[in-house]
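Architecture at a glance
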Amino acid sequence: MSNTPKATATTRAGATSTVAGAAATDRPLRAVMPAPSPVSSVVVWELRRIASSRSMWLLVGVAFLFFALITLLLKDSQSLVYGEPQSVDGAMARPDTIRVSGTSAWGMSITIPKYLLLVFGMLLPFVAVDGVARDFKRRTHEIVMAARIPTWAYVVGRYMAVLVIALGLALVMLAAVLLAGFALHLWAGYPPPSTSAILALWAVAVLPAAVLLSGLGFALGTLLTRHANSIKAVLLVGWVLCQFTGALWEDSAGQGAYALVDPAAVMMSQSIQGPYAVAFFRSVGEVIEAGKPMSKQQAEGIVRDVEQKTPDLWPWILPRSVYAATGLAAVAFAAARFRRFKGA
């Protein structure tokens, strides 16, 4: 009887010392392991929410199909006339023509800026504008704002998640173009896609547009949360109108200048095509001036050699970088002006 209390006391003391030792051991570990930054916490939290959304994966799948379908439909981007019409049995025969491969550098200088970028830009407002406005729409804003996260970290983190989705859609476009190009090469006998030219056009035309549109859409949706749907409509219509603005500058003195600053890159596409056409017809003219007959095999060899050359995109790097910086500046302005609660 007399030994029982002592054993109990010893056991409690031992347990107490063990817990104290574990707590003492845990303190250095907590001191060594840095706490996650508030921005990264917001980004991870938002990306997890987006990844669990079926509508987002549906958007990715539909975008991939659209990009691949456009590439397949434009497998012959344009026809070049290289022969003179001839009289056959008193009737004028059509001149000889040859087609430019849509997945070549020449063809992609038409497909990516004029068509793929148009569809891409029409998708981004639906991804970017609701970055913060979604909380207001679902009436969860006050709950989210009660978290111990700095206001700027909340806004910047939400935008970084939006930017990841925008760049992800850009990668979906790139993958669709390359897969469609190699499919045409393997099963339809087309030349292999010009990978270097596709990457260059994608980096110069698509990526700055992704940052610009995602930044503007996110900033406007953050500051004007009640008008999110109107902002989407304005951005959508504005982007489509940009595709047709270049027609107003054709054959004008300011065409070259506008080609450098065209946000939709349509005029960039037209400027790039010029050197390809000049190189093709110069080579054809040299053969004709030499008095040699121009066969279709010769013309095809010339166009295949010309169409695979990577375009000169250096003049557009600075203007497109300015557009990307404009999108980021819009986000910074929104982060500075955003208020957690009304009247704050």
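Below is a summary of the structure that appears in this document. Nothing here was measured: the structure is a model prediction, and the numbers come from that model. (Residues numbered from 1 in each chain as written. Predicted model: local features only at pLDDT ≥ 70, side-chain atom pairs only at ≥ 80, totals over all residues. Heavy atoms only, no water.)

We now examine the packing of aromatic side chains. Evaluated as defined, the whole model comprises 4 aromatic pairs. Between Tyr159 and Phe218, the aromatic rings sit 5.4 Å apart at their centres with planes inclined by 55°, giving tilted as the arrangement. Placement of Tyr159 in helix α7 (residues 151-187) and of Phe218 in helix α8 (residues 195-223) is noted, with a sequence separation of 59 residues between them. There is no split in this pair, since Tyr159 and Phe218 are both buried. Taken together, a centroid distance of 5.0 Å and an interplanar angle of 75° make the contact between Phe280 and Phe281 edge-to-face. Here Arg158 stacks its cationic end above the ring of Trp45, 5.2 Å away from the centre of that ring. (Phe/Tyr/Trp six-rings, centres within 6.5 Å; stacked < 30°, edge-to-face > 60°. Helix = DSSP H or I, 4+ residues; strand = E, 2+ residues; numbered from the N terminus. Buried < 20%, exposed > 50% of the residue type's maximum accessible area, 1.4 Å probe, protein only. Lys NZ or Arg CZ within 6 Å of the ring centre and 35° of its normal.)

Moving on, we get to the environment of Pro263. Within the secondary structure layout, Pro263 lies in the loop between α10 (255-261) and α11 (266-289). You can call Pro263 buried: its relative accessible area is 17%. As for Pro263 and Ala205, which are separated by 58 residues in sequence, their C-alpha atoms are 8.7 Å apart. When neighbours within four sequence positions are excluded, Pro263 is seen to be in contact with Trp239, Cys242, Tyr258, Arg320 and Tyr323. (Contact = heavy atoms within 4.5 Å.)

Geometric values such as these leave the question of function open.
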